[in-house]
Amino acid sequence: EFVQNADDAGAAKIKFCLDERSFPVKSLAHQKLAEFQGPSLLVHNDGVFSDQDFESIQNIGDSQKKGQLAKTGRFGIGFNSCYHLTDLPTFLSRSSLVMFDPQAKFLPDVNPANPGKRIDILSPAVQQHYPDQLAPFKAFGVDYRGEYNATLFRLPLRTRQQAATSKLSQQVHSVESLLELLHGFVVDAQQSLLFLKNISSIEALHWREGKEHPETLWSCSLDNGSRQLAQQRSMIPLSVAKTQQAASEEQTLQYVQTESDYELHVSVHSGEDKTHVTNKWLVCTSCQGTAGRAGRMACDPSTFHMKLVPWAGVAALLQTSGDGHTSVKGRAFCFLPLPAETGLPVHVN
């Protein structure tokens with residue numbers, strides 16, 4: 001969910017950092033927040049929250065992406081997925097620190113209908129009175145001297161004590177369990193780059209107690225990134241968005257036949273054993289116009305309520321510098337990989 005949200009925000013890079021550090025609790029916005037100053041998952045991307053993003057994320061279960069057919073996240077459960085990990089998700093972007101407390105247990109003057117706070121991080125009063133509240137966010141370029149032109153989520157890990165009374169989830173998370181999760185994510189991360197339109201780098205890090213900087217566990221990135229490749233990856237999303245815009249103005253839907261085929265060179269670096277593997281993929285994507293059956297089905301007024309998009313793609317592994325095998329257990333994708341295997345020798349989006 002965080003990968004697709006970053007992709008929709010136009011971000012090129014996303015980092016997942018297990019931060020096992022604990023922070024002081026003397027100068028907090030509310031004393032009940034002290035229990036969230038411990039280990040957390042930090043999620044950083046280089047996209048910036050728009051005014052519409054700030055509005056959308058406040059509407060739980062009612063994402064504005066649902067009507068935006070070119071958005072990766074139109075099929076997802078969005079930001080709400082973070083409640084698997086935490087009872088109090090927070091994020092910082094531009095000049096705002098946003099905190100969510102859907103149980104209305106930890107933040108002052110909130111209720112289930114209005115369960116969040118938005119704080120101006122550039123306010124001199126906030127910086128003077130609540131330095132401990134701001135301390136966990138001093139990472140990935142946050143310095144509180146000006147607007148933060150990126151986005152940093154912080155998900156304090158749910159403790160055993162919190163899980164015992166939580167109405168969101170009874171799942172306990174520890175540094176060890178998150179470290180295992182991040183190590184297991186590397187396979188999905190490299191495949192996730194195949195059908196996204198903006199993200200070109202996914203990285204996992206570990207910030208140990210007492211260390212000034214995090215260490216890299218692994219990274220996945222596109223070695224052949226270029227302006228031309230960026231245009232090829234975004235060609236169909238832009239076409240779909242243009243069709244949607246025209247439909248809203250003219251009250252008629254007419255998809256245009258569009259194809260975009262390109263190679264992706266996906267490199268995986270391990271920060272622990274210093275290994276490096278590059279896989280070369282051929283990605284073929286298409287949006288069908290009204291000359292085709294899928295295009296006609298999507299443009300049929302009787303199916304408008306289904307918001308169908310005649311858009312599909314396949315990814316074939318051409319070459320690997322790893323074990324030399326190019327056979328693939330094909331998976332189904334909805335922009336990002338799904339658990340389902342298709343039995344095909346290619347991945348299908």
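My aim in this report is to walk through the structure given alongside it, one point at a time.

Reading the values: rules and limits
- Residues numbered from 1 in each chain as written.
- Predicted model: local features only at pLDDT ≥ 70, side-chain atom pairs only at ≥ 80, totals over all residues.
- Heavy atoms only, no water.
- Helix = DSSP H or I, 4+ residues; strand = E, 2+ residues; numbered from the N terminus.
- Areas by Shrake-Rupley, 256 points an atom, 1.4 Å probe, with all protein chains shown as cover.
- Lys, Arg positive; Asp, Glu negative; His and termini not counted.
- Charge placed at Lys NZ, Arg CZ, Asp CG, Glu CD.
- Polar contact = N/O pair within 3.5 Å; in protein donor to acceptor, adjacent residues only side chain to side chain.
- Contact = heavy atoms within 4.5 Å.
- Buried < 20%, exposed > 50% of the residue type's maximum accessible area, 1.4 Å probe, protein only.
- Arc of directions from axis to C-beta.
- Salt bridge = Lys/Arg side-chain N within 4 Å of Asp/Glu carboxyl O.
- Core = buried A, V, L, I, M, F, W, Y, C linked by side-chain atoms within 4.5 Å.
- Phe/Tyr/Trp six-rings, centres within 6.5 Å; stacked < 30°, edge-to-face > 60°.
- Lys NZ or Arg CZ within 6 Å of the ring centre and 35° of its normal.
- Pairing = 2+ DSSP bridges.
- Expected span 1.5 Å × (residues − 1).
- Bend = angle between axes of the 7 residues up to and from the residue.

## Focus: the overall build of the protein
A tally of helices and strands in the protein yields 9 helices and 14 strands. Taken along the three principal axes of its C-alpha coordinates, the protein extends 65 × 50 × 40 Å. By element, 51% of the accessible surface of the protein is carried by carbon and sulfur atoms, the whole surface being about 17100 Å². Put simply, the protein has 32 plus and 36 minus side-chain charges, and the middle of one group is 2 Å from the middle of the other.

## Some words on the side chain of Q103
One can find Q103 in the loop between strand 4 (96-100) and strand 5 (116-120). Among the polar contacts listed, one links the side chain of Q103 to the backbone nitrogen of K167, at a separation of 2.7 Å. In this view, Q103 contacts D87, T165, S166, K167 and L168; residues no more than four positions away in its chain are not counted.

## Some words on unusual backbone geometry
If you check the backbone angles, D109 has positive phi at about 60° while not being a glycine. Within the secondary structure layout, D109 lies in the loop between strand 4 and strand 5. Phi angles above zero are rare outside glycine, and K307 is one such case at about 50°. With respect to the secondary-structure elements, K307 resides in the loop between helix 9 (293-299) and strand 11 (311-320). Judged by relative accessible area, K307 falls into the partly exposed class, the value being 40%.

## Some remarks on helix 6 (residues 175-184)
Those residues of helix 6 not exposed but buried are V175, L178 and L182. Looking straight down helix 6, one finds that the buried residues subtend no more than 65° of arc, so they occupy a single side. For helix 6, exposure combined with an orientation more than 90 degrees from the buried face picks out E176, E180, L181 and G184. Buried residues belonging to helix 6 abut strand 1 (13-19), strand 2 (40-45), helix 7 (186-192), strand 7 (201-207) and strand 8 (215-222).

## Some points on the pattern of salt bridges
Under the counting rule described, the total for this entry stands at 8 salt bridges. In this structure, D8 engages K197 in a salt bridge whose closest nitrogen and oxygen atoms are separated by 2.9 Å. A residue pair is termed long-range when its members are at least 10 positions apart, and D8 in helix 1 (residues 2-8) and K197 in the loop between helix 7 and strand 7 qualify at 189 residues. Taken as a pair, D8 and K197 share a single burial class, namely buried. When the shortest N-O distance is used, the salt bridge between R208 and E215 registers 3.1 Å. Given a relative accessible area of 32%, E215 falls into the partly exposed group. Members of the salt-bridge network, linked through shared partners, are D7, D8 and K197.

## Remarks on the nonpolar core
Soluble globular proteins tend to bury their nonpolar side chains together. I14, F16 and I202 are the most contacted members of the largest nonpolar core, which totals 50 residues. Those residues within four positions of F16 in sequence are excluded, and the remaining contacts are F2, V3, L41, L42, V43, L182, F185, I202, E203, A204 and L205.

## Things to note about the environment of F304
By the element assignment, F304 lies in the loop between helix 9 and strand 11. The class for F304 is partly exposed, based on a relative accessible area of 34%. Contact partners of F304, with chain neighbours within four places excluded, come to L253, A298 and C299.

## A short note on the packing of aromatic side chains
Applying the stated rule across the entire model yields 11 aromatic pairs. Both rings, one in F2 and one in F153, keep their centres 4.9 Å apart while their planes meet at 75°; by these two values the pair is edge-to-face. One end of the pair, F2, is in helix 1; the other, F153, is in strand 6 (residues 148-156), with 151 residues separating them in the sequence. Exposure remark for F153: the relative accessible area of 5% places this residue in the buried category. One aromatic cluster in this structure is built from F2, F49, F54, F91 and F153. Positioned above the aromatic ring of W207, the side-chain terminus of R21 is 3.6 Å from the ring centre. Over the face of the ring belonging to F54 we find R118, whose NZ or CZ atom lies 4.0 Å from the ring centre.

## Re the pairing of strand 13 (residues 336-341)
Relative to strand 13, strand 12 (residues 331-334) runs antiparallel, the two sharing 3 bridges. Counted as the bridge partner of R331 is E341 from strand 13. Connecting strand 12 to the antiparallel partner strand 13 that follows it, the hairpin turn spans 1 residue, and F335 within it adopts a positive phi of roughly 70°.

## With respect to helix 8 (residues 227-250)
Under the 1.5 Å per step criterion, the end-to-end length of helix 8 is 32 Å for 24 residues, consistent within 8% with the ideal 34 Å. At S234, helix 8 shows its largest kink, close to 45°, and the proline P237 lies no more than four residues downstream. For helix 8, the complete set of buried residues consists of L229, R233, S234, I236, P237, S239, V240, T243 and A247. One or two positions beyond helix 8, positive phi appears at Q251, with a value near 60°.

## Quick look at the pairing of strand 10 (residues 276-287)
The pairing of strand 9 (residues 258-270) with strand 10 spans 12 bridges and is antiparallel. Counted as the bridge partner of D261 is C284 from strand 10. With antiparallel pairing between neighbouring strands as the criterion, strand 9 and strand 10 make up a hairpin whose turn holds 5 residues, including K274 at a positive phi of roughly 60°.

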